[in-house]
There are 2 protein chains.
Amino acid sequence: MADAQPRPGGRTARVREAVLRATRDALASGGLHGLDLTAVAHDAGVGKTTVYRRWGTPTALVADLLVEMADRAGDRVDTGSLLGDLEVNAGRVQRTLADPEEGGLYAAIVAAATCDARTAAALEAFYDRRVAVWAPCVEDAVGRGEVPAGTDAAAVVRAVSAPLYYHRLTRTTPPGEEDARRAAAAAVVAAVAGAFASGA
Amino acid sequence: MADAQPRPGGRTARVREAVLRATRDALASGGLHGLDLTAVAHDAGVGKTTVYRRWGTPTALVADLLVEMADRAGDRVDTGSLLGDLEVNAGRVQRTLADPEEGGLYAAIVAAATCDARTAAALEAFYDRRVAVWAPCVEDAVGRGEVPAGTDAAAVVRAVSAPLYYHRLTRTTPPGEEDARRAAAAAVVAAVAGAFASGA
DNA sequence: TGCCTAACGGAACACTATTCCCATTAAGGA
DNA sequence: TCCTTAATGGGAATAGTGTTCCGTTAGGCA
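Along each chain, residue indices are assigned from 1 in the same order as the chain's sequence is written. Each chain takes a letter, starting from A, and each ligand takes a number, starting from 1, following the order in which they are written. Only residues with pLDDT of at least 70 get local features here, since the model is predicted, and only at 80 or more are side-chain atom pairs given and counted; chain-wide, interface and lining totals rely on the full set of residues. Side-chain metrics rest on all non-hydrogen atoms present in the structure, leaving aside hydrogens and water.

1. Some details on the relation of the copies chain A and chain B
Here the copies are superposed with least squares, the fitted atoms being C-alpha atoms of residues at a pLDDT of at least 70 in both. Of the two same-sequence chains, chain A is brought onto chain B (RMSD 0.1 Å, axial shift 0.0 Å) by a rotation of 180 degrees. The operation mapping one copy onto its partner corresponds to a two-fold rotation axis. For chain A, the residue whose C-alpha comes nearest the rotation axis is Ala111 of chain A, separated from it by 2.1 Å.

2. Some thoughts on the packing of helix α4 (residues 58-70) of chain B against helix α6 (residues 100-113) of chain B
Residues and elements named next belong to chain B. Note on geometry: axes are C-alpha line fits, over the in-contact stretch for helices, and angles between N-to-C directions span 0 to 180 degrees. Helix numbering and strand numbering both begin at the N terminus, where a helix is a DSSP run of H or I of at least 4 residues and a strand a DSSP run of E of at least 2. Between α4 and α6, whose axes approach to 10 Å, the crossing angle comes to 125 degrees. Viewed along their axes, α4 and α6 adopt a mutual orientation that is oblique. Note that α4 runs across α6; the crossing there is left-handed. On α6, the residues that touch Thr59, Val62, Leu65, Leu66 and Met69 of α4 are Leu105, Tyr106, Ile109 and Ala112. All residues other than Ala, Val, Leu, Ile, Met, Phe, Trp, Tyr, Cys, Pro, Asp, Glu, Lys and Arg, Gly among them, are scored as polar; the first ten of these are nonpolar and the last four charged. Of the residues in the contact of α4 with α6, the class split is eight nonpolar, one polar and no charged. By the definition adopted for this analysis, an angle is roughly parallel if under 35 degrees, roughly antiparallel if over 145, roughly perpendicular if from 65 to 115, and oblique otherwise. Crossing handedness: left-handed means the near helix sits turned counterclockwise from the far one by under a right angle, and right-handed means the same turn made clockwise. Any two residues whose heavy atoms approach within 4.5 Å at even a single point are treated as in contact.

3. Considering the UniProt feature "DNA-binding region" (unreviewed entry) in chain A
UniProt positions are given in the numbering used here, feature names are shortened, and annotations may be inferred rather than shown by experiment. Following the UniProt record, the feature "DNA-binding region" (unreviewed entry) maps to residues 36-55 of chain A here. For the annotated span residues 36-55 of chain A, helix accounts for 75% and strand for 0% of the residues, and the straight-line distance between the end C-alpha atoms is 13 Å.

4. Some points on the UniProt feature "domain: HTH tetR-type" (unreviewed entry) in chain A
Under the UniProt annotation, the feature "domain: HTH tetR-type" (unreviewed entry) is placed at residues 13-73 of chain A. Counted over residues 13-73 of chain A, helix gives 75% and strand 0%. Its end C-alpha atoms are 20 Å apart.

5. Let's talk about the pattern of salt bridges
Should a side-chain nitrogen of Lys or Arg be within 4 Å of a carboxyl oxygen of Asp or Glu, the pair is scored as a salt bridge. One pass over the structure, following the stated rule, counts 23 salt bridges over all chains. Across the pair Arg182 of chain A and Glu178 of chain A runs a salt bridge, and its minimum N-O distance is 3.8 Å. Highlighted residues: Arg182 of chain A and Glu178 of chain A, both in helix α9 (residues 177-192), separated by four residues, approximately one helical turn. With a shortest N-O distance of 3.4 Å, Arg72 of chain B and Glu68 of chain B are connected by a salt bridge. When a residue's accessible area, from a 1.4 Å probe over protein chains only, is under 20% of the maximum for its type it is buried; when over 50% it is exposed; and in between it is partly exposed. On the basis of relative accessible area, Arg72 of chain B is assigned to the exposed category, the value being 61%.

Right under this line is the structure:
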């Protein structure tokens, strides 16, 4: 997104990395409300003019952070069964959301996306990439005959994350391991029953 | 929450109503970012000092709005089957979230809750009330033998809303009727299979 | 190695959000 | 009906935040 720069050399790259790290820390600890560009610039050790010129608004900063985060998305696993794969996925999502810092970061990013269309587009792209990484689990399950052909793999993957995010965003206690197991189990059962088949 | 006032008579109540209405409109059209207390006061036809004195912050305004919204939560339905009941529920949630104004309002409220603990508590209370209204659908289904005894009714109700909210918050296109049907169907299938049983 | 220019950093500037002050209004009770 | 006082409303003062200017630094290239 911001990589087509005429001079993306050493200093520019270092500044971006430092600013995004400071942005990440600020979001994790103070949420979207605590994202002050002046403070971010100070924590990153760069002039605030630089932050204003290159990003301009808090939400643009979040959008760029999402681009970087997408580059670090973890790989899928292959346990041999859909339930096993999705339990691993659900566990990772649950631990991320339950962690005070990481969970706050994700909540703040979702909040930022509600305030700005570009950030919303970046968030969608971020989850599209994560879903694309895990969708093969479902496709493999189709190949093994675990779930019906025509199953919407992306929908199944999203069905695992959905209750965990919903829990994190609408309740004051974070989701636990039990919630993760339920999320995976419910998604698998529904997928097996054909609830995510495109024709149904 | 703000009802134990020494003099909650006519004027005070009218001011609160007008301010909350203006808050609702501002959130629906401009999101949390567009919630300017001065503008809210002007639109409500009250002095800005009043808004600052009684509420103080945008998130406090949202928290009070949630108290009022909880008082207007719609009733459950009784179609005679769990799937029928939850399809109605899912349809209402989906239409609410897909509506540009209403959907924006809910997204903004979720965003506000990520910024402030009191607002988060109000949001949780709001959904607790809505879940409590619909949980009897699941309990009735247990009574009819549709789903196993020991099923966590609240979890089933939340499982219907979760994918619709997740969709609204993480994607740029709103959830559609097909998503609502899938959400209800998946929740029912999972509940029938015992995925929401407390023991499992 | 040295030039050219993009990118950066510090400080002044402009603007908006918030609070303070005090006159005015209208609940609630005798 | 009148009195007491909580609550409101408008405007000025203040604080805090966002924006811009301009000199300095350091990539990129010959």
